[in-house]
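A structural walkthrough
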Amino acid sequence: EQAAAILAAARSGAVQAQLLLGQILLDGRGIQHDPSLAFIWFSIAARHGDGMAHNMLGRCHEHGWGCTADLALAATHYRTAAAQNLDWGLYNLANLLATGRGVEQDHAQACAYYQRAASMGHAKSMNLLGRCYEEGLGIERDAQQALHWYQRSAEAGDFRGQFSFAAVLISQGQLAAARHWLEQALQGGHLVFLRQAHAQLAAAGLSELSDIIQAYSRRCSELAANTH
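The present account deals with the structure reproduced in this document. (Residues numbered from 1 in each chain as written. Predicted model: local features only at pLDDT ≥ 70, side-chain atom pairs only at ≥ 80, totals over all residues. Heavy atoms only, no water.)

Take the overall build of the protein next. What the protein contains, in helices and strands, is 13 helices and zero strands. Counting from the amino terminus, helix and strand elements in the protein follow one another as α-α-α-α-α-α-α-α-α-α-α-α-α. C-alpha extents for the protein along the principal axes are approximately 60 × 40 × 25 Å. Within the protein, the proportion of its 228 residues that are buried is 45%. Considering only residue pairs separated by 6 or more positions, the protein has 44% of its internal contacts joining residues 24 or more positions apart. Of the roughly 11400 Å² that the protein leaves accessible, carbon and sulfur atoms contribute 50%. (Helix = DSSP H or I, 4+ residues; strand = E, 2+ residues; numbered from the N terminus. Buried < 20%, exposed > 50% of the residue type's maximum accessible area, 1.4 Å probe, protein only. Contact = heavy atoms within 4.5 Å. Areas by Shrake-Rupley, 256 points an atom, 1.4 Å probe, with all protein chains shown as cover.)

Structure representation (structure tokens):
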């Protein structure tokens, strides 16, 4: 019934309904998973110039959802979204620039886009801005700024930011504070991330965090079992 109402609104030209319908079709929430139809609805919404619609078309082109993967075309749509100051558009475009996918690699430009999105409260951008400062990617190294943005990302609920912040705290010997953020990251992280995080923690070999390391291992096993 709800899906029918959203479909009716989408057909009548309501852009937000078109976006919502596309997302529902992409996720397969209460309706059959249909990336091709999702792509069509995002395309229709994008004709109105909607920034989020362009961002979602970028996602489709980046990952090949309902269309042939085309990173250059993904970048074009992300640029349109970023030009409207959409945080997700800025973030996704920055990711392509940082990795040189579909565009020429440009760490300075990527960092600038992460900065803009982070200043708008985008938690994932905060974490990657922290990494730019920590590693000197497109910007001068600044450990204090890195810590600042990792902490903000962690507090905003990004599991990668929580782990990044914990890693810095560990390096400073603040294991009790690090434990809290490692536990938070464990709750929110997906399998690929948790496997990487577990490997990093295991390599550090800190006996004081052995229970946390074991918890990461168990969670990886649980998630892996659920994917089969």
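Once that is clear, we can look at helix α11 (residues 175-188). Along its 14 residues, α11 runs 20 Å from first to last C-alpha, staying within 8% of the 20 Å computed at 1.5 Å per residue. Of all the residues in α11, the buried ones are Leu175, Ala178, Trp181, Leu182, Ala185 and Leu186. The buried residues of α11 occupy one face: seen down the axis, they fall within an arc of 150°. Opposite its buried face, α11 presents the exposed residues Ala176 and Gln187, each directed more than 90 degrees away. On its buried face, α11 is in contact with α9 (143-155), α10 (159-171), α12 (191-204) and α13 (210-226). (Expected span 1.5 Å × (residues − 1). Arc of directions from axis to C-beta.)

What follows deals with the packing of α10 against α12. Closest axis-to-axis distance for the α10/α12 pair is 12 Å, and the angle between their directions is 5°. Our classification of the angle between α10 and α12 gives roughly parallel. Across the interface between the two elements, Phe159, Arg160, Phe163, Ala167 and Ile170 from α10 touch Phe193, Gln196, Ala197, Gln200 and Leu201 from α12. (Axes fitted to C-alpha atoms, helices over the stretch in contact; angles between N-to-C directions. Parallel < 35°, antiparallel > 145°, perpendicular 65-115°, else oblique.)

What follows covers the packing of aromatic side chains. If you walk through the whole model with that rule in mind, you get six aromatic pairs. Both rings, one in Trp88 and one in Tyr91, keep their centres 5.6 Å apart while their planes meet at 85°; by these two values the pair is edge-to-face. Within this pair, Trp88 and its partner Tyr91 are both found in helix α6 (residues 87-99), separated by three residues, close to a single helical turn. A relative accessible area of 12% places Tyr91 in the buried class. Look at Phe163 and Phe193: their rings are 5.8 Å apart centre to centre, the planes differ by 90°, and that puts the pair in the edge-to-face class. (Phe/Tyr/Trp six-rings, centres within 6.5 Å; stacked < 30°, edge-to-face > 60°.)

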